[in-house]
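Now for the letters of each chain:
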Amino acid sequence: MSEGTVLRYIYFIITIPVIILGYICLVFNIFQMKYKLNECIELIDEKYSEIPNFYVSYLIAAEDHRSNFHYGIDQVGMIRAIFKWFFSRQLEGASTIEQQFARVVTEDYSYSLSRKLKEQILAVMLVRKRKKIDIARAYLAIAYYGHDCEGTEGILSLADSNLRLVSEIQIISIVARLKYPEPSINTDKWETKLDYRVSYIKRRHQRLIKKSKHQMTNVIAQEVKYKPLI
């Protein structure tokens, strides 16, 4: 049994309580879960086809590099973020792509444990209803990239109006704006942050591509294959 398979089993086992909680929330419509889940599913079905598959591997490298293993929530990332805060008082995100998608759809950006719990439940239930790659594509189709730059239309403006005829650096620059959205007036500070983020994503993506040669059993790894067109 490969290391990746073992890790997926571990993630599944520790996610079971959240899956059970998710079904309870659906049956009794706690947190309006039934409505929110249906809203997310409808948006995925409507939006995912707008974004080409090959964008997703860069999104995974930037935002959720353990996406191939977890089931909507990344407990390893959560523990790491807690330790980093406890020992160095540095805030570090641990939200998966599915959680980020749920947050944008529900438009709940409050800083509270209840919001985080609802977001995690929704993310886990989403993974059971739709493919991860489709959730990721739908997320890119609705995400915020900066001032007057949102969703598919925003990506089109950054990709010279053609989502398929793009270079690798253009895709990375688009994904980097998820962390550092473009301000209304560009500053040297923002450009420095964006350049650093672009370099980070490129390195991370190269490492993931090397690993994927040995871990091609996962749906994402099988479906997201990209060779730059330019």
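Residues numbered from 1 in each chain as written. Predicted model: local features only at pLDDT ≥ 70, side-chain atom pairs only at ≥ 80, totals over all residues. Heavy atoms only, no water.

Below, the discussion takes up the overall build of the chain. Check the secondary structure of the chain and you find eleven helices and two strands. Ordered by position from the N terminus, the helices and strands of the chain form the series α-α-α-α-α-α-α-β-β-α-α-α-α. Relative to the 2.2 N^0.38 estimate, which gives 17 Å for 230 residues, the radius of gyration of the chain is 17 Å and therefore close to what a compact globule would have. Expressed along its principal axes, the backbone C-alpha trace of the chain runs to roughly 45 × 40 × 40 Å. Residues counted as buried form 46% of the 230 residues belonging to the chain. For the chain, restricting intrachain contacts to residue pairs at least 6 apart in sequence, the fraction spanning at least 24 positions comes to 73%. Just so you have it, the chain exposes about 12900 Å², and 57% of that area is on carbon and sulfur atoms. Taking the 33 positively charged and 25 negatively charged side chains of the chain as two groups, their mean positions are separated by 9 Å. (Helix = DSSP H or I, 4+ residues; strand = E, 2+ residues; numbered from the N terminus. Rg over C-alpha atoms; globule rule 2.2 N^0.38 Å. Buried < 20%, exposed > 50% of the residue type's maximum accessible area, 1.4 Å probe, protein only. Contact = heavy atoms within 4.5 Å. Areas by Shrake-Rupley, 256 points an atom, 1.4 Å probe, with all protein chains shown as cover. Lys, Arg positive; Asp, Glu negative; His and termini not counted. Charge placed at Lys NZ, Arg CZ, Asp CG, Glu CD.)

The next point concerns the packing of aromatic side chains. A complete count under the given rule lists four aromatic pairs for this structure. For the ring pair F12 and Y71, a centre distance of 5.4 Å and an interplane angle of 65° mean the geometry is edge-to-face. Here the residue F12 occupies a position in helix 1 (residues 3-28), and Y71 occupies one in the loop between helix 3 (56-63) and helix 4 (75-88), the gap between them amounting to 59 residues. Classification of Y71 as partly exposed rests on a relative accessible area of 25%. With a centroid separation of 5.3 Å and 20° between ring planes, the pair formed by F54 and Y55 is classed as stacked. A residue is classified by how much of its surface remains accessible, and Y55, at 1% relative accessible area, is buried. Connected via pairs of aromatic rings, a cluster forms that spans F83, F86 and F87. (Phe/Tyr/Trp six-rings, centres within 6.5 Å; stacked < 30°, edge-to-face > 60°.)

With that settled, consider the layout of surface pockets. There is about 1900 Å³ of room inside the largest pocket. Secondary-structure elements contributing two or more residues to the lining of the largest pocket are helix 3, helix 4, helix 5 (97-106), helix 6 (113-129), helix 7 (132-142) and helix 10 (188-212). No other element matches helix 4, which puts seven residues into the lining of the largest pocket. For the lining of the largest pocket, the residue count by class is 23 nonpolar, nine polar and 14 charged. (1 Å grid on protein atoms, 1.4 Å probe; cavity = no way out; pocket = protein on both sides within 12 Å on 5 of 7 lines; lining within 4 Å. Points joined across faces, edges and corners; volume = space filled by probe spheres on them. Nonpolar A, V, L, I, M, F, W, Y, C, P; charged D, E, K, R; others polar.)

Here the focus is the packing of helix 9 (residues 168-176) against helix 10. Between helix 9 and helix 10, the shortest axis-to-axis distance is 9 Å and the interhelical angle comes to 115°. In this structure, helix 9 meets helix 10 at a crossing whose hand is right-handed. Residues E168, I169, I172, S173, V175 and A176 of helix 9 touch helix 10, and the partners they reach there are L194, R197, V198, I201, K202 and H205. (Axes fitted to C-alpha atoms, helices over the stretch in contact; angles between N-to-C directions. Left-handed = near helix turned anticlockwise from the far one by under 90°.)

Per the stated rule, a full pass over the model turns up zero disulfides. Looking at C25, it has no disulfide partner, and the nearest cysteine sulfur is the one in C40, 14 Å off. (Disulfide = S-S within 2.5 Å.)

A word on the environment of D45. Its place among the elements puts D45 in helix 2 (residues 33-47). According to the relative accessible area criterion, D45 is partly exposed, its value standing at 40%. Along the backbone, D45 and G77 are 32 residues apart, and their C-alpha atoms lie at a distance of 28 Å. A polar contact is formed between the side chain of D45 and the side chain of R130, at a distance of 2.9 Å. (Polar contact = N/O pair within 3.5 Å; in protein donor to acceptor, adjacent residues only side chain to side chain.)

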